[in-house]
Amino acid sequence: MPTTKDVTLEELSKYFHLPEKAVAKQLGICLTSLKKLCRSYGITRWPFRKLKSIQRTMAKVGDADGNPPSTSSSPVPIPLPSPAPQP
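Undergrad: Sorry, what's going on with the overall build of the protein here?
TA: The helix and strand inventory of the protein stands at 4 helices and 0 strands. Along its sequence from the N terminus, the protein presents helices and strands in the succession α-α-α-α. Counting the 87 residues in the protein, one finds 23% classified as buried. Of the contacts formed within the protein by residues at least 6 apart in sequence, a portion of 65% connects residues at least 24 apart. Accessible area for the protein stands at about 6500 Å²; split by element, carbon and sulfur atoms hold 57% of it.

See below:
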């Protein structure tokens, strides 16, 4: 079971397509610890809902262009924030 210090930003980014509670459960840590970990990396809001919104918008644009909507549930890549400066 990883501690919060064992989870790198790159590893954490693999879970951005899932809700916070599900990620905390998969990592075996409580939600509060996950939020503290995110803040230490400069992530102020969990990106799941924003990613879903972008995916819905992309699907609508595909419909408007006459292209079939994307049925893949693969996450949309987003740039990672730079790590917070250590005091």
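After presenting the structure, the write-up continues.
Undergrad: Teacher, can you tell me more about the packing of helix α2 (residues 20-27) against helix α3 (residues 31-40) here?
TA: For any two helices packed against each other, one specifies the crossing angle of their axes together with the interaxial distance. Where α2 meets α3, the axes come as close as 9 Å, and the angle between the chain directions of the two elements is 100 degrees. What the angle tells us is that α2 and α3 run roughly perpendicular. Side by side, α2 and α3 meet where Glu20, Lys21, Val23, Ala24 and Leu27 of the first sit next to Leu31, Leu34 and Lys35 of the second.

Undergrad: Which parts of the structure should I look at to understand the packing of aromatic side chains?
TA: The relation between two aromatic rings is expressed through the spacing of the ring centres and the mutual angle of the planes. Summed over all chains, the structure comprises 1 aromatic pair. Ring centres 5.3 Å apart and planes at 90 degrees place the aromatic pair Phe16 and Trp46 in the edge-to-face group. Placement of the pair is Phe16 in the loop between α1 (9-13) and α2 and Trp46 in the loop between α3 and α4 (48-64), with a sequence separation of 30 residues. The two residues Phe16 and Trp46 agree in class, both being buried.

About the cut-offs
- Residues numbered from 1 in each chain as written.
- Predicted model: local features only at pLDDT ≥ 70, side-chain atom pairs only at ≥ 80, totals over all residues.
- Heavy atoms only, no water.
- Helix = DSSP H or I, 4+ residues; strand = E, 2+ residues; numbered from the N terminus.
- Buried < 20%, exposed > 50% of the residue type's maximum accessible area, 1.4 Å probe, protein only.
- Contact = heavy atoms within 4.5 Å.
- Areas by Shrake-Rupley, 256 points an atom, 1.4 Å probe, with all protein chains shown as cover.
- Axes fitted to C-alpha atoms, helices over the stretch in contact; angles between N-to-C directions.
- Parallel < 35°, antiparallel > 145°, perpendicular 65-115°, else oblique.
- Phe/Tyr/Trp six-rings, centres within 6.5 Å; stacked < 30°, edge-to-face > 60°.

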